[in-house]
Amino acid sequence: VLSSTRDKVARRLSGIEGLTVPPVVRLQGSEAESAAEVIAKAGIGSPIILRKAGTHTGDTVALHNSVDEAVATMESGQTYFATQFVDFASGDGLYRKYRLWFIGTRAVLRHMYVSDHWNVHSKDRARFMGPRPDLVAEERALIGQAEPFTEQIRQTLSEVRRRMPLDFFGLDFGIMQDGKLVFFEANATMSF
């Protein structure tokens, strides 16, 4: 579990065919003056997602248009993750975030949230999906399938499972227009 931080998992899953893993670095707010160098060394360009470490539900996440803008928001005493933003909007301009749980070797699709914003979370189910029965039906149909993804996606997910040294864990990802997955996070502490 201690090896499933955002930065460590990103390194572990890097290089899987069919999976785009944006670079991630851990930053200390007290070292804001050197953060720009760390971000550049990691190959992270703009736009940049900056989030406080140890938080969930997207409340401490912001998208910044430049490294300087991101670094300027860092507070001393806080730890952050900086991640390269990868646009994963579907052809209809909406953002779909999938959560899959691996329990042993079994994969269970937990949900597919759809939003008009890149920072997709559970609140989007009521806010955005609720008034859209077509999106609710899309999620329901996907979850109802025995094999909800293409063979290519299933192979990519199988390699993720193989590389993760956890008995059970959740995986959040998007699917880009070219059919590749974009990795968001994987750890054993997601809500199921």
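Summary of the structure given here. Throughout, residues of each chain are indexed from 1 in the direction in which the sequence is written. It should be noted that, the model being predicted, local features are given only for residues of pLDDT at least 70 and side-chain atom pairs only at 80 or more, the latter also being counted only at that level, while totals for whole chains, interfaces and linings use all residues. For the side-chain quantities, the full set of heavy atoms in the structure was used; hydrogens and water were omitted.

1. Quick word on the packing of aromatic side chains
Aromatic pairing here means that ring centres of Phe, Tyr or Trp (its six-membered ring) are within 6.5 Å. Orientation follows from the plane angle: under 30 degrees is stacked, over 60 is edge-to-face, and everything else is tilted. Taken as a whole and judged by the stated rule, the model has eight aromatic pairs. Relative to Tyr95, the ring of Phe88 lies with its centre 5.0 Å away and its plane at 70°, an arrangement referred to as edge-to-face. Each of the two residues, Phe88 as well as Tyr95, counts as buried. Ring centres of Tyr98 and Phe149 lie 5.7 Å apart, and the angle between their planes is 75°; this geometry places the pair in the edge-to-face category. Here Tyr98 is found in strand S6 (residues 95-103), whereas its partner Phe149 is found in the loop between helix H5 (133-143) and helix H6 (151-163), with 51 residues between them in sequence. Remark: exposure states derive from per-residue accessible area (1.4 Å probe, protein chains only) relative to the maximum for the residue type, with buried under 20%, exposed over 50%, and partly exposed in between. Overall, Tyr98 belongs to the buried group, its relative accessible area being 8%. Put simply, the rings of Phe88, Tyr95 and Phe184 pair up and form one aromatic cluster. Only DSSP runs of H or I covering at least 4 residues are called helices, and only runs of E covering at least 2 are called strands; the numbering of each starts at the N terminus.

2. Description of unusual backbone geometry
Note the cis peptide between Ser46 and Pro47, where omega equals -5°. Within the fold, Pro47 resides in the loop between helix H2 (32-41) and strand S3 (48-52).

3. Digging into the pairing of strand S7 (residues 106-115)
Strand pairing requires that DSSP identify at least two bridges connecting the strands. Sheet topology note: the S6/S7 ladder contains nine bridges and is antiparallel. The residue bridging Phe102 from the neighbouring strand is Ala107, located in S7. Adjacent in sequence and paired antiparallel, S6 and S7 are bridged by two residues, among which Gly104 carries a positive phi angle near 65°.

4. Quick word on H6
The span expected for a helix works out to 1.5 Å for each residue beyond the first. With 13 residues, H6 extends 19 Å from end C-alpha to end C-alpha; this agrees with the ideal 18 Å at 1.5 Å per step. Regarding H6, the residues found buried are Ile153, Thr156, Leu157, Val160 and Arg161. For H6, the arc enclosing every buried residue in end-on projection is 145°, short of the 170-degree limit, so these residues lie on one face. Facing away from the buried side of H6, by more than 90 degrees, are the exposed residues Gln155 and Arg162. Each direction from the helix axis to a C-beta atom contributes to the arc, which is the arc of those directions.

5. Quick look at the nonpolar core
Among buried residues, the Ala, Val, Leu, Ile, Met, Phe, Trp, Tyr and Cys ones that are joined through side-chain atoms within 4.5 Å form a nonpolar core. Among the nonpolar cores identified, the biggest contains 45 residues, and Leu13, Phe149, Leu157, Leu171, Phe173 and Phe183 are the most heavily contacted of them. Those elements that provide at least two residues to this core are helix H1 (6-13), S6, S7, helix H4 (123-129), H5, H6, strand S8 (168-175) and strand S9 (181-187). Formed by 14 residues, the second largest nonpolar core is a distinct cluster that contains Val25, Ile44, Val67 and Ala70.

6. Quick look at the pairing of S9
Most of S9 is tucked away, with six of its seven residues classed as buried. The pairing of strand S1 (residues 19-20) with S9 spans two bridges and is parallel. Its bridge partner lying in S9, Leu19 is registered against Leu181. Across six bridges, S8 lies against S9 in antiparallel orientation. Looking across to S9, one finds that Leu171 is bridged to Ala186. What sits between S8 and S9 in their antiparallel hairpin is a turn of five residues, with Gly179 showing a positive phi close to 90°.

7. Quick word on H2
Residues Ala32, Ala35 and Ile39 constitute the buried set of H2. Taken down its axis, H2 places every buried residue within 30° of arc, on the same side. Exposed residues pointing more than 90 degrees away from the buried face of H2 are listed as Glu33, Glu37, Ala40 and Lys41. Gly43, located one to two residues past H2, shows a positive phi value of around 80°.

8. Description of the side chain of His111
Residue placement: His111 occurs in strand S7. By relative accessible area, His111 is classed as buried at 3%. Each residue touching His111, except ones within four places of it in the same chain, is listed here: Lys97, Tyr98, Arg99, Arg125, Glu139 and Ile143. Any two residues having at least one pair of non-hydrogen atoms within 4.5 Å are treated as being in contact.

In short, geometric facts, not functional conclusions.
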